[in-house]
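# Structural overview for review
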Amino acid sequence: MFSNVAAHQAHRMSGAPGWIVLCLVAALGGCQRAAEAPAPEIRPVRAVTIEKRDVGGAVVLTGTVQAQAEINQSFRIDGRMIERTVDVGDTVKPGQLIARLDPQNEESGLQAARAQLASANAQLVEARSNYTRMSELVVEDAVSRAQFEQAQSLLKSAEAQVEALRAQVSLSQNRLSYTRLVSSVAGVVTARGPQPGEVVSAGRMIIQVARESARDAVFDVPAQVKDNVALTPEPPAAAGRGKAPPPARLGGITLALSTDPSVTATGIVREVSPRADPVTGTFAVRVRLIDAPAAMRLGTTVTGRIQLETVSTISIPASALVRTDGKTAVWVFDRKVGTVSLRPISVRAADSSTVQVADGLTPGDMVVTAGVQALRPGQKVRLLETKS
């Protein structure tokens, strides 16, 4: 509209001086820009009102029964495995044969060491006889002192050679015995390695044995639960007598079989992993089973009930967090002026959906939970929905 008016006025004043026409067009254009200036943007957001809540109580977790210790059984020497006598699921006892290597090389080495030892023993007998004869002759001055000392030196050398070869025979015998792998523990085979016919190296796992003595229930817990779990060592007086542990700081742990909740056991926290799983972000907690029933076999699923301490805390949705200058912050809504501002906070614990705030927020604050990436300090916003 303003463009048409400007053109019409320019046409009417076509006879006027050029500078007058230019001034008129510029003035009309300025009026057009002033009239079309946009209003300040007001973004719609969602927010929650901060309040403290009690967090704690009982937490029910699901885990699996695992062996407290799993021992890898392996050969001490290299060789070609010709036999393995056990498989996954088999029960083994200490001293039981597990696998064998081809003993041909070790048998040949033992025979060679024994032959060398026999030769050295013959030389020792000769050297000892010569020394005895020289000892008698040197007293009668029938031989020189140098000849006697030479005989003495040959005797000592022969004795040392025999000792070295005896050690070599013992080593060869040990290597031959190492071709037979026997179990060092009692338990159940949970994994197997190479098959018969393969060449294996020293230390390579042939089978893995789960010790039958003690079992753990292993749970993957979030950070807020892990921070409230305390190690509970078993008292020496109760150890080995099947007594239940005293109540822990967190009220103890009760376990039940998932497929049959009537099968229960008690447990004590034996180990809490200090490092989170890189995929799930959870922490492994190992609970030692006390008088575990036979139904709680390795690999079975159990549920554990852990009593946590009740604490008063501030929780906000994880979607409210933003990162600025390497710090964690949230957008706080000012009710009086209708704008938002950034406020740094300290995080106590977090999971995929909720964040517990240690410092930076007080009850009554309004925190933006949706639309946080499109905000700037001092920007006016409009609340779509307010939650508490």
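Here's a quick rundown of the structure.

Attention shifts here to the sheet that holds strand 3 (residues 70–74). Taken in spatial order, the four strands make up an open sheet running 3-10-8-5, and their pairing is antiparallel. Lying at the two open borders of the sheet, with one neighbouring strand each, are strand 3 and strand 5 (91–92). Inspection of the sheet shows strand 8 (residues 187–192) paired to strand 10 (residues 205–211) by five bridges, in the antiparallel sense. Bridge pairing in strand 10 links Arg192 to Ile207.

Counting through the fold element by element, Asp216 comes out in strand 11 (residues 215–221). Given the relative accessible area of 0%, Asp216 is considered buried. Side-chain polar atoms of Asp216 contact the side chain of Gln68, separated by 3.3 Å. At 2.5 Å, the side chain of Asp216 and the side chain of Arg270 are in polar contact. Not counting chain neighbours up to four residues away, the residues in contact with Asp216 comprise Thr64, Val65, Gln66, Gln68, Arg270, Arg286, Val287, Arg288 and Leu289.

What the four strands build is an open sheet, ordered 7-6-4-9; its pairing is antiparallel. Here the strands that pair on one side only, and so sit at the sheet edges, are strand 7 (180–182) and strand 9 (199–200). Bridge count between strand 4 (residues 79–84) and strand 9: two bridges; the pairing is antiparallel. Counterpart to Arg80 in the pairing with strand 9 is Val199.

What counts, and at which threshold
Residues numbered from 1 in each chain as written. Predicted model: local features only at pLDDT ≥ 70, side-chain atom pairs only at ≥ 80, totals over all residues. Heavy atoms only, no water. Pairing = 2+ DSSP bridges. Helix = DSSP H or I, 4+ residues; strand = E, 2+ residues; numbered from the N terminus. Buried < 20%, exposed > 50% of the residue type's maximum accessible area, 1.4 Å probe, protein only. Polar contact = N/O pair within 3.5 Å; in protein donor to acceptor, adjacent residues only side chain to side chain. Contact = heavy atoms within 4.5 Å.

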